[in-house]
Amino acid sequence: MKRIHYTKPSVGELELDYVTDAVRNGWGECCYDYIHRLQKDFAGYLGVDHAVATSSCTGALHLGLRALGIGPGDEVILADINWIASAAPILYVGATPVVVDILADCWCLDPDAVRAAITPRTRAILAVHLYGNLAALEALQAIADAHGLALIEDAAEALGSIYKGHMAGSLSTFSVFSFHGTKVMTTGEGGMLATDDAELARRVEQLNNHGRAAGDMRQFWPSELGHKYKMSNLQAALGCAQLERIEELVQRKREIFARYQHQLTAALPGVYMNPEPEGCRNSYWMPTLVLPSNSPVAMPAVLERMRQAGIDARIFFQPLSDTPVFAGLDNRKTPVAHDLATRSFNLPSYHDLSVEDQQYVIATVVAAVRAEGENA
Ligand SMILES: *Cc1c(COP(=O)(O)O)cnc(C)c1O
């Protein structure tokens, strides 16, 4: 049986050309050429001054938190619904993650919950733009300003989303992105940190170079303990090609989403999908279907029917506070996060998904939800 994957990259001739060139020629004095070009082009795309390429988004976030001097005794507020990659770096630097609830419509941080969680130890708000949806950046920035906090965007899932005329990832102290093979654009593995703050960018680059200061003429001389989360020139070549195609990649995501939304919300009363608020563009990294709150349909049974039909559907992220890594956190204060996690799932959305295959996915979802509704 054919299997429909939930995501995989779109790679064509341009990618082959650039990577081949990097393999053939990207050594010696050219060994950073694609890295520098990707950083410059990426900063240009976002409309920010600085971008630093990394080996992952996780690494970029780790560097950024260290560059801000966040460490033991400090608290960072984030949403309870998240992939571990957004939260783990907070633990790496010895700070304390504080999880709060999400808004039911956008699945991102609830600003009121953020405000209520602020203590004298709070240093930063980490806004993750979940599944391409945009966090309430204006409200979060106002809270950050009022309390002297950094606002960090984890825009790993929102490359190409636009918030009131500004690219996601351009409206915070710094932002981070992922180029993992499942994301809107890929370098295989890879990430980026973006910021308008020249000094922060310099700190991040130094930390990413084992703590060696730029311009220090002494060889093998770290001036502090750093890290090494570098992207290779080969990966950057792939990234340059993908970034040239970014608007095409985003448009494809949007077409796929529109087809799902149009047909699924018509066929299944009460379901809803990723929102696109007035004045914003959602790049719809991951089309996500939310079953009605009063629905008797058991989501695991729907996903099992899809699996049997050869379709990858994924459950929503799980509340961090339920996982063993965050066992110390109180998991009773995030009812919206817990509720959505039981009735939401992602649908296949890779760029090359054919209309025929997408119609098969739609028909299977509709049949599965109806059948489980009758079973209930
Ligand atoms: C994918 C993802 C990450 C992790 O990215 P890596 O490049 O795998 O480290 C971090 N945050 C979010 C929101 C993600 O979706």
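The structure reproduced in this document is the subject of the present report.

The rules behind each value
- Residues numbered from 1 in each chain as written.
- Predicted model: local features only at pLDDT ≥ 70, side-chain atom pairs only at ≥ 80, totals over all residues.
- Heavy atoms only, no water.
- Core = buried A, V, L, I, M, F, W, Y, C linked by side-chain atoms within 4.5 Å.
- Buried < 20%, exposed > 50% of the residue type's maximum accessible area, 1.4 Å probe, protein only.
- Helix = DSSP H or I, 4+ residues; strand = E, 2+ residues; numbered from the N terminus.
- Contact = heavy atoms within 4.5 Å.
- Pairing = 2+ DSSP bridges.
- Patch = residues over 30% accessible without salt bridge, like charges linked within 9 Å, V, L, I, M, F, W, Y side chains within 5 Å.
- Areas by Shrake-Rupley, 256 points an atom, 1.4 Å probe, with all protein chains shown as cover.
- Salt bridge = Lys/Arg side-chain N within 4 Å of Asp/Glu carboxyl O.
- Near = heavy atom within 4 Å.
- Polar contact = N/O pair within 3.5 Å; in protein donor to acceptor, adjacent residues only side chain to side chain.
- Axes fitted to C-alpha atoms, helices over the stretch in contact; angles between N-to-C directions.

## Focus: the nonpolar core
Side chains that are nonpolar tend, in soluble globular proteins, to be buried together.
Turning to step 1, where the next piece is worked out: Of all hydrophobic cores here, the largest spans 98 residues; its most connected members are Phe42, Ile125, Leu130 and Phe177.
Turning to step 2, where the next piece is worked out: If you tally residues by element for this core, the top one is helix 2 (residues 33–46), at seven residues.
Turning to step 3, where the next piece is worked out: Residues contacting isoleucine 125, with those up to four places away along its chain left out, are Ile77, Leu109, Val114, Leu140, Ile143, Ala144, Leu149, Ala150, Leu151 and Ile152.
Turning to step 4, where the next piece is worked out: Within the second largest apolar cluster, 29 residues are counted, among which are Met273, Leu289, Ile311 and Ala368.

## Some points on the pairing of strand 9 (residues 191–195)
Turning to step 1, where the next piece is worked out: For strand 9, the tally of buried residues reaches five of five residues, placing the bulk of the element in the interior.
Turning to step 2, where the next piece is worked out: Residue alternation in strand 9 divides its side chains into two sets, Gly191, Leu193 and Thr195 and Met192 and Ala194, and both sets are buried.
Turning to step 3, where the next piece is worked out: Relative to strand 9, strand 1 (residues 50–54) is paired through five bridges, and the arrangement is antiparallel. Across the sheet, residue histidine 50 finds its bridge partner in strand 9, namely threonine 195.
Turning to step 4, where the next piece is worked out: In the sheet, strand 8 (residues 174–178) pairs with strand 9 via four bridges, with the strands oriented antiparallel. Across the sheet, the residue bridging to serine 175 is alanine 194, located in strand 9.

## Observations concerning a nonpolar patch on the surface
Turning to step 1, where the next piece is worked out: A surface patch of nonpolar side chains, about 290 Å² in accessible area, is lined by Val23, Trp27 and Leu234.
Turning to step 2, where the next piece is worked out: Relative to the elements of secondary structure, valine 23 occurs in helix 1 (residues 13–25).
Turning to step 3, where the next piece is worked out: We classify valine 23 as partly exposed; its relative accessible area is 46%.

## Here we look at the site of the ligand
Turning to step 1, where the next piece is worked out: Taken together, 13 residues form the shell around the ligand, and within it Thr58, Asp154, Glu157, Ser178 and Lys183 come nearest.
Turning to step 2, where the next piece is worked out: Measuring from an oxygen atom of the ligand, one finds a side-chain N or O atom of threonine 58 at 2.5 Å.
Turning to step 3, where the next piece is worked out: A distance of 2.7 Å is found between a nitrogen atom of the ligand and a side-chain nitrogen or oxygen belonging to aspartate 154.
Turning to step 4, where the next piece is worked out: Compared with its free state, where it exposes 390 Å², the ligand has 92% of that area covered by protein.
Turning to step 5, where the next piece is worked out: Counting residues per element, the ones that place at least two in the shell around the ligand are helix 3 (57–67) and helix 4 (84–92).

## What about the environment of leucine 65?
Turning to step 1, where the next piece is worked out: Inspection of the secondary structure assignment puts leucine 65 in helix 3.
Turning to step 2, where the next piece is worked out: Given a relative accessible area of 2%, leucine 65 falls into the buried group.
Turning to step 3, where the next piece is worked out: The sequence separation of leucine 65 and alanine 124 amounts to 59 residues, and the corresponding C-alpha distance is 9.1 Å.
Turning to step 4, where the next piece is worked out: Here leucine 65 is in contact with Ile70, Pro89, Ile90, Val93, Ile152 and Phe174, once residues within four sequence places are set aside.

## Focus: the pattern of salt bridges
Turning to step 1, where the next piece is worked out: Within the structure shown, the criterion is met by 18 salt bridges.
Turning to step 2, where the next piece is worked out: Between aspartate 312 and arginine 3 there is a salt bridge; the shortest N-O distance is 3.0 Å. You can see aspartate 312 sitting in the loop between helix 10 (299–308) and strand 12 (314–315) and its partner arginine 3 sitting in the segment before helix 1, a full 309 residues away along the chain.
Turning to step 3, where the next piece is worked out: Aspartate 312 sits in the buried class, given a relative accessible area of 11%.
Turning to step 4, where the next piece is worked out: With relative accessibility at 49%, the residue arginine 3 sits in the partly exposed group.
Turning to step 5, where the next piece is worked out: Salt-bridge contacts for arginine 123 lead to aspartate 74; the nearest nitrogen and oxygen are separated by 3.1 Å. One end of the pair, arginine 123, is in strand 4 (residues 122–128); the other, aspartate 74, is in the loop between helix 3 and strand 2 (75–79), and 49 residues separate them in sequence.
Turning to step 6, where the next piece is worked out: Judged by its relative accessible area of 14%, aspartate 74 is buried.
Turning to step 7, where the next piece is worked out: Through salt bridges with shared partners, a single ionic network connects Glu15, Arg245 and Glu248.

## Description of the sheet that holds strand 12
Turning to step 1, where the next piece is worked out: The sheet built from three strands is open, its strands ordered 11-13-12 with antiparallel pairing. Each of the sheet's edge strands pairs with one partner strand only, and the pair in question is strand 11 (288–290) and strand 12.
Turning to step 2, where the next piece is worked out: In the sheet, strand 11 pairs with strand 13 (residues 344–346) via three bridges, with the strands oriented antiparallel. What sits directly across from leucine 289, in strand 13, is phenylalanine 345.
Turning to step 3, where the next piece is worked out: Docked against the sheet, helix 10 engages strand 12 and strand 13, running at close to 25° with respect to strand 13.

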